Amino acid sequence: MIWSKEETLPREEIEKLQLERLKETVNRVYSKVPAYAKKMDDAGVKPEDIQTLSDLAKLPFVTKQDMRDNYPFGLFAVEKDKLVRIHASSGTTGKPTVVGYTQGDLETWTDCVSRIACMGGASSHDVAQICFGYGMFTGALGLHYGLENIGAAIVPSSTGNSQKQIMYMQDFETSLLVATPSYALRLAEVANEMGVDPSKDLKVKIALVGSELLTDAMREEMHKVWGKDLLITSNYGMSELMGPGVSGECLEHCGMHINEDYFIPEIIDPQTGEVLPIGEQGELVITCIKKEGLPLIRYRTKDITRLFYEKCKCGRTFCRMENLEGRSDDMIKIRGVNVFPSAIEEVILSFSELGPHYEIILERDGYMDKMTIKVELVHSTDSFSELERIKSEVKNKLKVILGLDAKVMLESPNTLQRFEGKAKRVKDLRSK
């Protein structure tokens, strides 16, 4: 189902609307946000210089550090009494990034999430169990209001107490699961421990997954435990931009449609900041062109992807972003080689003997970096030769794919840490 007519606008109408909203946003931000006006002045650009969409490249970038430097409300374009909701990041690496919403922003947010929910197969007939943490994190409430808006019944179960989550799924006949991919796998694991077969004893038919990278291998792993008929669609967003609802995957599974009437995407070279041609991979930059409270311009997401503008078979004309390669700040650099954890995950999940839970440990021995990969076995074995065979094959495949040697440690089933929110796969001990 297509939720709104804007999703099928001709490209020229999309771009006309984007330019109108971009001009208005730049003028408003320049007049109401002193910190951003200074950035524009320092870059030698004025609002009247923005006459075409290509002029967007003249404007300076905004980063997470800008938000921290102007904590809490320095980048807001409205007075605090106009806000009706405030969210913030965890702030584990410094001051949290604070985001705020006017009533109009909440209506925009709800519309965007309603669109991506419908793209992903949701309908008014669904019972939707939301297993994101409620609180300052935007994920849970964003999906909550969007799904509720299309008429779905919401089970706001949050995270944790996984056995009770399974009980709710049984008793309420949950048909739609909202979770991170890793927590969806954990719930299936707990269900099996309870003697419940997720593919036969539960009625979950749709998984709207987000807040975490969904690789093809992880999608296949979810199919193994939840059943091959489970419809899995990925959606994308971040608190700074709005929350979930920036883009979502349709039933064609050919990338995530960006809500282009609200966001203008660009792909840049993460080192030089140069805008790259359509189809090239680089860092995603997003400009918010309809937000009232915090209308960020050219926000550097750090996410690595590419854009496609061909009309989708689903009928939507909004451009699509490829499922993420990873984040530029998640990329591991070891002995001069750049590695995304997703590449290691793809190797691990290509072995039927190994489960989806793993940990990457980086250490330094003298001047040499070392990488150790801990990964769980699906079934325990006392056969030393079998363990050595698996380790050797994993190590060799990692060497072929990554060009790096890594120590592989096979752990017993159910021993590595599980995550209810976003999985933390890398432990970098090199600075210690």
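One can find the structure itself at the top, above this paragraph.
A brief structural summary.

Rules used in this analysis
Residues numbered from 1 in each chain as written. Predicted model: local features only at pLDDT ≥ 70, side-chain atom pairs only at ≥ 80, totals over all residues. Heavy atoms only, no water. Helix = DSSP H or I, 4+ residues; strand = E, 2+ residues; numbered from the N terminus. Areas by Shrake-Rupley, 256 points an atom, 1.4 Å probe, with all protein chains shown as cover. Lys, Arg positive; Asp, Glu negative; His and termini not counted. Charge placed at Lys NZ, Arg CZ, Asp CG, Glu CD. Pairing = 2+ DSSP bridges. Contact = heavy atoms within 4.5 Å. Axes fitted to C-alpha atoms, helices over the stretch in contact; angles between N-to-C directions. Buried < 20%, exposed > 50% of the residue type's maximum accessible area, 1.4 Å probe, protein only. Salt bridge = Lys/Arg side-chain N within 4 Å of Asp/Glu carboxyl O. Core = buried A, V, L, I, M, F, W, Y, C linked by side-chain atoms within 4.5 Å. Parallel < 35°, antiparallel > 145°, perpendicular 65-115°, else oblique. Left-handed = near helix turned anticlockwise from the far one by under 90°. Nonpolar A, V, L, I, M, F, W, Y, C, P; charged D, E, K, R; others polar. Expected span 1.5 Å × (residues − 1).

In this section: the overall build of the protein chain. Of regular secondary structure, the protein chain possesses 11 helices and 21 strands. Its C-alpha atoms put the protein chain at 70 × 55 × 40 Å along the principal axes. Carbon and sulfur atoms provide 49% of the accessible area of the protein chain, an area that totals close to 19100 Å². Separation between the mean location of the 55 positive side-chain charges and that of the 65 negative ones in the protein chain comes to 3 Å.

Attention now goes to the sheet that holds strand 14 (residues 320–321). Taking strand neighbours across the sheet as the criterion, the nine strands line up as 4-3-5-6-7-8-9-14-13 in an open arrangement whose pairing is mixed. Among the strands making up the open sheet, the edge pair consists of strand 4 (153–155) and strand 13 (307–308). Here strand 5 (residues 176–179) pairs with strand 6 (residues 206–209) via four bridges, running parallel. Each bridged residue has a counterpart across the sheet, and for Leu 176 the counterpart in strand 6 is Ile 206. Along the sheet face, helix 4 (residues 103–119) touches strand 6, strand 7 (231–238), strand 8 (243–249) and strand 9 (256–258) and points at about 30 degrees away from the line of strand 8. On the sheet, helix 7 (residues 181–193) packs against strand 5 and strand 6 and is oriented at approximately 125 degrees with respect to strand 5.

For the peptide bond that leads from Tyr 71 to Pro 72, omega is -5 degrees, which places it in the cis range. With respect to the element layout, Pro 72 can be found in the loop between helix 3 (64–69) and strand 1 (85–88). A positive phi angle, near 55 degrees, is found at Arg 298, a position not held by glycine. Among the residues examined, Arg 298 registers a relative accessible area of 2% and is labelled buried.

Quick look at the pattern of salt bridges now. Scanning the entire structure with this criterion turns up 32 salt bridges. One salt bridge in this structure joins Arg 115 and Glu 6, with 4.0 Å as the shortest N-O distance. A residue pair is termed long-range when its members are at least 10 positions apart, and Arg 115 in helix 4 and Glu 6 in the segment before helix 1 (11–32) qualify at 109 residues. Look at Glu 6 and you get partly exposed, because its relative accessible area is 21%. Residue Arg 389 is joined to Glu 353 by a salt bridge in which the shortest nitrogen-to-oxygen separation is 2.9 Å. One end of the pair, Arg 389, is in helix 11 (residues 384–402); the other, Glu 353, is in the loop between helix 10 (341–348) and strand 18 (354–365), with 36 residues separating them in the sequence. The class of Glu 353 is partly exposed, set by a relative accessible area of 23%.

This brings us to the nonpolar core. Grouped burial of nonpolar side chains is what soluble globular proteins tend to show. If you look at the biggest cluster of nonpolar residues, it comprises 68 residues, and the most contacted ones within it are Leu 59, Leu 143, Leu 147 and Phe 263. The dominant element in this core, judged by the number of residues it contributes, is helix 4, at eight residues. Sequence-distant contacts of Leu 59, defined by excluding residues within four places in its chain, comprise Val 26, Tyr 36, Met 40, Val 45, Ile 50, Ile 297 and Arg 298. Among the nonpolar cores identified, the runner-up in size contains 25 residues, and Leu 349, Met 371, Leu 398 and Leu 404 belong to it.

Attention shifts here to the pairing of strand 11 (residues 282–288). Among the seven residues that make up strand 11, seven are buried, leaving the element largely enclosed by the rest of the structure. In this sheet, strand 11 lies alongside strand 10 (residues 263–268) in antiparallel orientation, the contact comprising six bridges. Along strand 11, the bridge assignment pairs Ile 264 with Thr 287. Bridging between strand 11 and strand 12 (residues 299–305) involves four bridges; their strand directions are antiparallel.

Bringing the packing of helix 10 against helix 11 into the picture now. The interhelical angle for the contact between helix 10 and helix 11, taken along N-to-C directions, is 140 degrees, at an axis separation of 10 Å. When the axes of helix 10 and helix 11 are compared, the pair comes out oblique. When the axes of helix 10 and helix 11 are compared, the crossing they make is right-handed. The residues of helix 11 that touch helix 10, namely those facing Ala 343, Ile 344 and Val 347, are Val 394, Lys 397, Leu 398, Ile 401 and Leu 402. Here the residues of the contact of helix 10 with helix 11 are counted per class, giving seven nonpolar, no polar and one charged.

The subject of this paragraph is helix 11. Its 19 residues place the ends of helix 11 27 Å apart at the C-alpha level, agreeing with the 27 Å of an ideal helix rising 1.5 Å per residue. Each element contacted by the buried residues of helix 11 is listed here: strand 17 (337–339), helix 10, strand 18, strand 19 (368–377) and strand 20 (407–411). At the C-terminal side of helix 11, Gly 403 shows a positive phi close to 75 degrees.

Attention shifts here to the packing of helix 1 against helix 2 (residues 34–43). Relative to each other, helix 1 and helix 2 sit at 110 degrees, their axes nearing to 6 Å. One finds that helix 1 runs roughly perpendicular with respect to helix 2. Packed against helix 1, whose contacting residues are Val 26, Val 29, Tyr 30 and Lys 32, the element helix 2 presents Pro 34, Tyr 36, Ala 37, Met 40 and Asp 41 at the interface. Among the residues forming the contact of helix 1 with helix 2, the class breakdown is seven nonpolar, no polar and two charged.

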